[in-house]
Amino acid sequence: MPAVFENNLKYYSYFYRPVSLLTAKHTASPIMITVSPVSTRKELKEFIKFKIQLYADNPYAVPPLYADEIEALLEGRNPALDVYDHQVFIARRDGRVVGRVAAIINHVSNRKTGKEFVRFGFIDFIEDFEVAKALLDTVERWGRERGMRAIHGPLGFTDFDPEGMLIHGFDELSTIACIYNHPYYPEFLRRMGFRKDAEWVEYKISIPGEIPDKYRRIAETVRQKYGFRVLRFKKISDIVKQGYGHKLFRLLNVTYSELYGFSELTEEMIDYYIRKYVPLLRIELVTLIADENDELVAFGVALPSLSRAMQKARGRMFPLGAWHLLRALKSKRAEVCDLMLIAAHPSAQNIGAAALLFTEMIPQFQKLGTIYAESNPELIDNQRIRALWSNFEKVLHKRRAVFAKDIG
């Protein structure tokens, strides 16, 4: 049996009697909700399929790829599973899957914050409060058994797992980097006593017809005064061969170190993410900036929106999913692009590195006919990143939150 399935195979059962049964004249057996650890590969497949099936007909949800979910949750594939305690659970009622959740203890983040949190992530459930409660009660119990005194989520193993529950913008198309959930999710959590512990905002950022003169002037100053330069590559593979893939993620570790829930990526995790994500990038939408010593000081990574292509793929690469995704990735036009990552070393954040990034990225968006870019989630108290868009026309169209409560 794989190691991922050997952890804590304790069985949790919950019994609930709905009002309709309580008031019935005849005697009825209670409807049983069982929440149990995923213990076989077949159950892991059910865990993944549930998410895809739950949102199959939703015009705003973007389903994950089945293969990506398997890789994220199977030990031996995702190195984060070797670092953080975790257990995956599935909920059933009358034999039918009705919910799922992962319990995670990120000891690195906990040591940094001094808090004993168990995380819940990969959470989905039907519109039934008792199902949601059974799932989160299970995570709480699992966390308490391991000395945890609070629970928060949705969060993943690392920041590269989708995080934050949607609380506003349910009628907006999601992105591949974000969780989409029904409006009843946050409502159920509030009923269970959870409170908002962190909040993210997302913008539609209009792409200007011309590079603002202000950015041109600042970019030129940065080049001359600090020796910053934009790195040029012919192929995405050259970025990896020349070591800039690793430099990018190491810079991410420095730049994101103080953000909510972030924990430093290990070298094994960096290798994993390079193999997984870098080959998907378009060279013209990757901007790397180095200093005089050839050290990476800032970068921006964008992608043509893959949301519609992922909806058409319905979680599968075959028979046609790969075709839809490649068509979107390689298209000569992309009316919407997703800003996947933007980062600058703390020493470069207040001296104009962002202006140099934008003077390089805006022309590429213009060539693609991009009308607007999706910012993806930004912490509401991260004023530096939000200030980047101060000179752009933008619309705040989504909000999401991490919810928390004490369990000690």
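Residues numbered from 1 in each chain as written. Predicted model: local features only at pLDDT ≥ 70, side-chain atom pairs only at ≥ 80, totals over all residues. Heavy atoms only, no water.

Draft legend 1. Region of interest: the layout of surface pockets. In this structure, the second largest pocket occupies an estimated 410 Å³ of space. Lining the second largest pocket are 23 residues; nearest its centre among them are Ser 305, Ser 307, Arg 308, Ala 309 and Ala 328. Those elements giving two or more residues to the lining of the second largest pocket turn out to be α11 (307-313), α12 (321-330), β12 (336-344) and β13 (372-374). Ranked by residue count, the leading element in the lining of the second largest pocket is α11, at 4 residues. Class assignment for the residues of the lining of the second largest pocket results in 7 nonpolar, 7 polar and 9 charged. (1 Å grid on protein atoms, 1.4 Å probe; cavity = no way out; pocket = protein on both sides within 12 Å on 5 of 7 lines; lining within 4 Å. Points joined across faces, edges and corners; volume = space filled by probe spheres on them. Helix = DSSP H or I, 4+ residues; strand = E, 2+ residues; numbered from the N terminus. Nonpolar A, V, L, I, M, F, W, Y, C, P; charged D, E, K, R; others polar.)

Draft legend 2. Here's a closer look at the nonpolar core. Grouped together as the largest cluster of nonpolar side chains are 96 residues, with contacts concentrated most on Phe 120, Phe 125, Phe 249, Leu 288 and Phe 299. The biggest single contributor to this core is helix α5 (residues 129-144), with 8 residues. Excluding residues that lie within four positions of it along the chain, Phe 125 makes contacts with Phe 50, Leu 54, Val 98, Gly 99, Val 131, Ala 132, Leu 135, Tyr 184, Tyr 185 and Phe 188. (Core = buried A, V, L, I, M, F, W, Y, C linked by side-chain atoms within 4.5 Å. Buried < 20%, exposed > 50% of the residue type's maximum accessible area, 1.4 Å probe, protein only. Contact = heavy atoms within 4.5 Å.)

Draft legend 3. Molecular detail of the pattern of salt bridges. With the rule as written, the count across this model stands at 22 salt bridges. Connected via shared salt-bridge partners are Lys 51, Glu 69, Arg 100 and Asp 124. (Salt bridge = Lys/Arg side-chain N within 4 Å of Asp/Glu carboxyl O.)

Draft legend 4. A look at the packing of aromatic side chains. In the structure shown here, the tally under the stated rule is 24 aromatic pairs. Taking the centre distance of 6.3 Å and the plane angle of 90° together, the rings of Trp 200 and Tyr 260 count as edge-to-face. With Trp 200 in strand β8 (residues 195-206) and Tyr 260 in the loop between α9 (244-255) and α10 (267-277), this residue pair connects regions lying 60 residues apart in the sequence. Residue class for Trp 200 comes out buried when judged on its relative accessible area of 5%. Ring geometry for Trp 389 against Phe 392: centres 6.1 Å apart, planes inclined by 70°, an arrangement best described as edge-to-face. On the accessibility criterion, Trp 389 (3% relative accessible area) is buried. Phe 392 sits in the buried class, given a relative accessible area of 10%. Taken together through their ring pairs, the aromatic side chains of Phe 125, Phe 129, Tyr 184, Tyr 185 and Phe 188 make up a single cluster. (Phe/Tyr/Trp six-rings, centres within 6.5 Å; stacked < 30°, edge-to-face > 60°.)

Draft legend 5. Inspection of the packing of helix α2 (residues 41-54) against helix α3 (residues 66-73) at higher detail. Contact pair α2 / α3: the axes reach a minimum separation of 10 Å and the direction vectors enclose 135°. Here α2 is positioned oblique relative to α3, judged by the angle of their axes. By crossing handedness, the relation of α2 to α3 is classed as right-handed. Facing Leu 44, Lys 45, Phe 47, Ile 48, Lys 49 and Ile 52 of α2, the residues of α3 in contact are Tyr 66, Glu 69, Ile 70 and Leu 73. Of the residues assigned to the contact of α2 with α3, the class counts are 7 nonpolar, no polar and 3 charged. (Axes fitted to C-alpha atoms, helices over the stretch in contact; angles between N-to-C directions. Parallel < 35°, antiparallel > 145°, perpendicular 65-115°, else oblique. Left-handed = near helix turned anticlockwise from the far one by under 90°.)

Draft legend 6. A look at the environment of Lys 247. On the secondary structure map, Lys 247 appears in helix α9. Sequence spacing of Lys 247 and Ile 167 is 80 residues, and the spatial spacing of their C-alpha atoms is 35 Å. When sequence neighbours within four positions are dropped, the list of residues in contact with Lys 247 reads Asp 294 and Leu 296.

Draft legend 7. View of empty space enclosed by the protein. Counted by the stated rule, this structure contains 3 cavities of 30 Å³ or more. Estimates place the volume of the largest cavity at around 90 Å³. Around the largest cavity, the lining residues are Ile 205, Ile 207, Leu 339, Ile 342, Phe 358, Met 361, Ile 362, Phe 365, Ala 373, Trp 389 and Phe 392. Mapped onto the lining of the largest cavity, the elements with two or more residues apiece are β12 and α13 (353-367). Considering only residue class, the lining of the largest cavity consists of 11 nonpolar, no polar and no charged. What the second largest cavity holds in volume is close to 50 Å³. Residue lining of the second largest cavity: Lys 51, Ile 52, Tyr 55, Ala 61, Val 62, Pro 63, Pro 64 and Tyr 180, and that is the complete set.

Draft legend 8. The arrangement of unusual backbone geometry in detail. At the junction of Gly 153 and Pro 154, the peptide bond is cis and its omega measures out at 5° in the coordinates. Following the sequence through the fold, Pro 154 ends up in the loop between β6 (150-153) and β7 (165-168). Cis geometry marks the peptide bond from Phe 318 to Pro 319, where omega comes out at 10°. Structurally, Pro 319 is set in the loop between α11 and α12. Even without being a glycine, Phe 122 presents a positive backbone phi close to 50°.

Draft legend 9. Representation of α5 within the structure. When the terminal C-alpha atoms of α5 are compared, their 22 Å separation across 16 residues agrees well with the 22 Å that a helix rising 1.5 Å per residue should span. Counting buried residues along α5, 12 of its 16 residues qualify, which places the element largely inside the surrounding structure. For α5, the side-chain oxygen to backbone nitrogen distance between the N-cap and Glu 130 is 2.9 Å, and the N-cap itself is Asp 128. (Expected span 1.5 Å × (residues − 1). Polar contact = N/O pair within 3.5 Å; in protein donor to acceptor, adjacent residues only side chain to side chain.)

Draft legend 10. Local environment of the pairing of strand β2 (residues 31-37). Among the 7 residues of β2, 5 are classified as buried, and the element is accordingly described as predominantly covered. Sheet analysis places β2 next to strand β3 (residues 85-93), joined by 5 bridges and oriented antiparallel. Bridging from a neighbouring strand, Thr 34 pairs with Arg 92 of β3. (Pairing = 2+ DSSP bridges.)

Draft legend 11. Structural detail: the side chain of Arg 119. Looking at the secondary structure, you find Arg 119 in strand β5 (residues 117-125). For the buried residue Arg 119, which engages in no salt bridge, the nearest side chain bearing the opposite charge is Glu 163, 5.7 Å off. (Lys, Arg positive; Asp, Glu negative; His and termini not counted.)

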